[in-house]
Amino acid sequence: MPSSIKKKARRPLIGPMERARRQANYIRLLAFLVAAMILMAGLKLELYPQLYMLGVAGLLAYPLIAQGMLYLTEKQDRPLKPVHQLLMQIDAMIIGLVCALLHFALVPSLVLLIIVHANAVSSGGLKPWLLNLLMTAIGALVMGWILGFPALPAEQSPVLLTVISLLGLGIYVGASSAFAHLQARYLKQAQDAVRRQQKQAVDMSRKLAKYLPPQVWGSLFSGKRDAKLETRRKRLTVFFSDIKGFSAISEELPLETLTSMLNTYLSEMTRIALRHGGTIDKFIGDAVMVFFGDPKSAGAQEDAFRCVMMAIEMQEQMKLLRQRWKREGIDHKLEIRIGINTGYVTVGNFGTDSRMDYTILGTDVNLASRLESACRPGGVLISEATQDLVKDRIQCRNIGDIQVKGFNRPIPVFEAMGAKKDAGARNRYVSAETQGFGIHLDVQRIRNFDKNSILKTLARSATDLKQEKTVDVDFEAEGFSLHVKSAELKKREREKIINMMGRAAKKVQTEVRV
């Protein structure tokens, strides 16, 4: 085929609602064709003067004029509903005029009234129908007055005119029924299309949500926040953590093992952060950055307390993860360092109109990062500003002043040891590890439906150890982990381990409510 020959352009696809609208116009055309047919039959039967041919011409021309009005309105991007309502009233008035032209013949007039008012009720409801009645009466009165109110008695009406009128009504009813069926089908197609689009939107939003903090995602989708470049100064509590010596570890572990370990670590830390209400800013390799106080804040004190409690829980969760990784053959003792600071930072959307990042900037952000670098492995180092906010509820140990990069003055720092309400026997955590044995539990995270399984596992393991049976247990549930290999246990530690499992079982029994 020569390249100069252009392919015929494809016609644009028409949606179901547009097809329904077009067919509604065809029904209007049919109504006036029926009216023209009845009037033409009367003319053929010489019931009416030939001048009434002008009426036939008007009845055939009107639907085309109405279609042109709708087309122009649509072209000008104006609302179609007012035009449809206007045309419905004009329809009623024209039918009133035709009833007068038919000399108010009983059956033909009734047929036309049924057609126009059935259309009004189905399209608009009660109020438009009442207005239609008024417009029909006005049309009949005006044309009747012009013609001198002629009347064709029922007994003088030819049978043929009655038959043609009823035939026209039957055609209209059949076409309307077919149209109603098509409308129902088109409506179902439109509903199916909407459902598909909604499902696509939900799937897309779920995928996008994985790249945004839940608080930001929720604000955007609820309309409370707009995706535009804007920032504000706000008092936040900022958290940084990283794994000590991760770079060296990453060089020693196989890629698959490293990837699995890192994803597990980040998943657990994310779960804890979200449970405490933190906004996860970003992951930088093994480093995690979280802040409290935006977009939602519970107040400076509560934000700081939640952040410190989150950090303490993360350190406890690392004990469980280390036990799991050890069972998987990762012998490195992975420990995290945590730094927390509270202060005024700039928070908001940074970047360009086409690509922006919701994050925080400022000196107090840098200080939190420096505290993380200065923290001992397994510790939680907090600034004086944070300690002032949490000292009534968190046990803190004064470390003294330290010198950090980027700050000329010494920085007083504290180590967060735990919540005061968890001090002593009330401590929510139990954790211990030795060769062939490891246990970790957090009574506040153990789920009700896991309680019996945990108690049975502890009881069975302790009983088997007492009876010097072989024990090989690796059990893990939310907030609980137990590892026992009797072949690796030292004999002098067996009794101590049995007692520890007993204390753990008692703690689970009394503090976890079913």
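Keep in mind that what you see is a predicted model, and the values were worked out from it rather than measured.

Draft legend 1. Broad picture of the overall build of the protein chain. Helix and strand counts for the protein chain come out as 14 helices and 12 strands. Across the 514 residues in the protein chain, those meeting the buried criterion constitute 45%. Long-range contacts, defined as pairs at least 24 residues apart, comprise 71% of the intrachain contacts of the protein chain with a sequence gap of at least 6.

Draft legend 2. Here's a closer look at the pattern of salt bridges. In this structure the tally under the stated criterion is 23 salt bridges. Of the charged contacts, one joins lysine 333 and glutamate 335 as a salt bridge, the two residues approaching to 3.9 Å between their closest N and O atoms.

Draft legend 3. The arrangement of the sheet that holds strand E10 (residues 437-442) in detail. A sheet is described by the order of its strands in space; here four strands give the open sequence E9-E10-E12-E11, paired in antiparallel fashion. A single partner strand is all that each edge strand has here, and the edge strands are strand E9 (429-434) and strand E11 (472-477). The sheet shows a mean angle of 10 degrees between the axes of neighbouring strands, direction not considered. Across six bridges, the pairing between E9 and E10 is antiparallel. Following the sheet pairing, alanine 432 is matched in E10 by isoleucine 439. Contacts from helix H14 (residues 491-511) reach E9, E10 and strand E12 (480-485) within the one sheet, and its direction differs from that of E10 by about 15 degrees.

Draft legend 4. Expanded view of the pairing of strand E4 (residues 336-351). In terms of burial, E4 is largely enclosed, as 12 of its 16 residues are buried. As paired elements, strand E1 (residues 231-243) and E4 share 13 bridges and run antiparallel to each other. Bridge pairing in E4 places phenylalanine 239 opposite isoleucine 340. Bridge count for E4 against strand E5 (residues 356-361) is six bridges, and the pairing is antiparallel. Counterpart to glycine 351 in the pairing with E5 is methionine 356. Joining the antiparallel neighbours E4 and E5 is a turn of four residues.

Draft legend 5. Structural context of unusual backbone geometry. Geometrically, the link from aspartate 294 to proline 295 is a cis peptide bond, its omega value of 0 degrees lying close to zero. Along the chain, proline 295 falls in the loop between strand E3 (287-292) and helix H10 (300-327). Non-glycine residue aspartate 77 carries a positive phi angle of around 55 degrees. With phi around 60 degrees, glutamate 468 is a residue other than glycine that occupies positive phi space. Tracing the sequence through the fold places glutamate 468 in the loop between helix H13 (451-466) and E11. For glutamate 468, a relative accessible area of 68% gives the class exposed.

Draft legend 6. Structural context of H10. With 28 residues, H10 ought to run about 40 Å at 1.5 Å a step, and its terminal C-alpha atoms sit 41 Å apart, in line with that. Most of H10 sits inside the fold, with 21 of its 28 residues counted as buried.

Draft legend 7. Looking closely at the packing of aromatic side chains. As enumerated under the stated definition, the model contains four aromatic pairs in all. Ring geometry for tyrosine 48 versus tyrosine 52: centroids 5.9 Å apart, planes at 25 degrees, classification stacked. Considered together, tyrosine 48 and tyrosine 52 belong to a single accessibility category, that of buried residues. Here the basic side chain of arginine 393 rests over the ring of phenylalanine 305, its NZ or CZ set 3.7 Å away from the ring centre.

Draft legend 8. Spatial organisation of the packing of helix H3 (residues 81-101) against helix H5 (residues 126-147). Their axes nearest at 7 Å, the elements H3 and H5 cross at an angle of 35 degrees. As for the relative orientation of H3 and H5, their crossing is right-handed in sense. Between H3 and H5, the contacting residues are Met88, Gln89, Ala92, Met93, Gly96, Leu97, Ala100 and Leu101 on the first element and Pro128, Leu131, Asn132, Met135, Thr136, Ile138, Gly139, Ala140, Met143, Gly144 and Leu147 on the second. A breakdown of the residues in the contact of H3 with H5 according to their chemical character gives 13 nonpolar, six polar and no charged.

Draft legend 9. The arrangement of the nonpolar core in detail. Among the nonpolar cores identified, the biggest contains 43 residues, and Phe239, Tyr265, Met310, Met314, Ile340 and Ile394 are the most heavily contacted of them. The dominant element in this core, judged by the number of residues it contributes, is H10, at 12 residues. Those residues in contact with isoleucine 394, other than ones at most four positions away along the chain, are Phe305, Val308, Met309, Ile312, Ala416, Gly418, Ala419 and Lys420. With 42 residues, the next largest nonpolar core counts Ala41, Leu70, Met135 and Phe179 among its residues.

Draft legend 10. Geometry of a nonpolar patch on the surface. There is a patch of nonpolar side chains on the surface, built from Phe104, Leu131, Leu134, Ile138, Leu141, Val142, Trp145, Ile146 and Phe149 and spanning about 900 Å² of accessible area. Summarising the element assignment, leucine 141 is placed in helix H5.

Draft legend 11. Seen up close, the side chain of threonine 342. Along the chain, threonine 342 falls in strand E4. Only 2.8 Å separates the side chain of threonine 342 from the side chain of threonine 386, close enough to count as a polar contact. Setting aside residues no more than four positions away along its own chain, threonine 342 makes contact with Arg235, Leu236, Thr237, Ala304, Asp364, Ser383, Ala385, Thr386 and Leu389.

Draft legend 12. Molecular detail of the confidence of the model for the protein chain. On average, residues of the protein chain score 84 in pLDDT, and 89% of them are at 70 or above. Low pLDDT, under 50, characterises residues 1-13; the stretch is placed with zero contacts to residues that sit more than four places away or in other chains.

Draft legend 13. A look at the packing of H13 against H14. Taken N-terminus to C-terminus, the directions of H13 and H14 make an angle of 160 degrees; their axes are 10 Å apart at the nearest point. Accordingly, the angle class assigned to the pair H13 and H14 is roughly antiparallel. Two packed elements cross with a definite hand, and for H13 against H14 that hand is left-handed. Only Arg494, Ile497, Ile498, Met501, Ala504, Ala505, Val508 and Gln509 of H14 make contact with H13, whose side of the interface consists of Lys451, Ile454, Leu455, Leu458, Ser461, Ala462, Leu465 and Lys466. When its residues are assigned to classes, the contact of H13 with H14 shows 11 nonpolar, two polar and three charged.

How each quantity is defined
- Residues numbered from 1 in each chain as written.
- Predicted model: local features only at pLDDT ≥ 70, side-chain atom pairs only at ≥ 80, totals over all residues.
- Heavy atoms only, no water.
- Helix = DSSP H or I, 4+ residues; strand = E, 2+ residues; numbered from the N terminus.
- Buried < 20%, exposed > 50% of the residue type's maximum accessible area, 1.4 Å probe, protein only.
- Contact = heavy atoms within 4.5 Å.
- Salt bridge = Lys/Arg side-chain N within 4 Å of Asp/Glu carboxyl O.
- Pairing = 2+ DSSP bridges.
- Axes fitted to C-alpha atoms, helices over the stretch in contact; angles between N-to-C directions.
- Expected span 1.5 Å × (residues − 1).
- Phe/Tyr/Trp six-rings, centres within 6.5 Å; stacked < 30°, edge-to-face > 60°.
- Lys NZ or Arg CZ within 6 Å of the ring centre and 35° of its normal.
- Left-handed = near helix turned anticlockwise from the far one by under 90°.
- Nonpolar A, V, L, I, M, F, W, Y, C, P; charged D, E, K, R; others polar.
- Core = buried A, V, L, I, M, F, W, Y, C linked by side-chain atoms within 4.5 Å.
- Patch = residues over 30% accessible without salt bridge, like charges linked within 9 Å, V, L, I, M, F, W, Y side chains within 5 Å.
- Areas by Shrake-Rupley, 256 points an atom, 1.4 Å probe, with all protein chains shown as cover.
- Polar contact = N/O pair within 3.5 Å; in protein donor to acceptor, adjacent residues only side chain to side chain.
- pLDDT = per-residue confidence, 0-100.
- Parallel < 35°, antiparallel > 145°, perpendicular 65-115°, else oblique.

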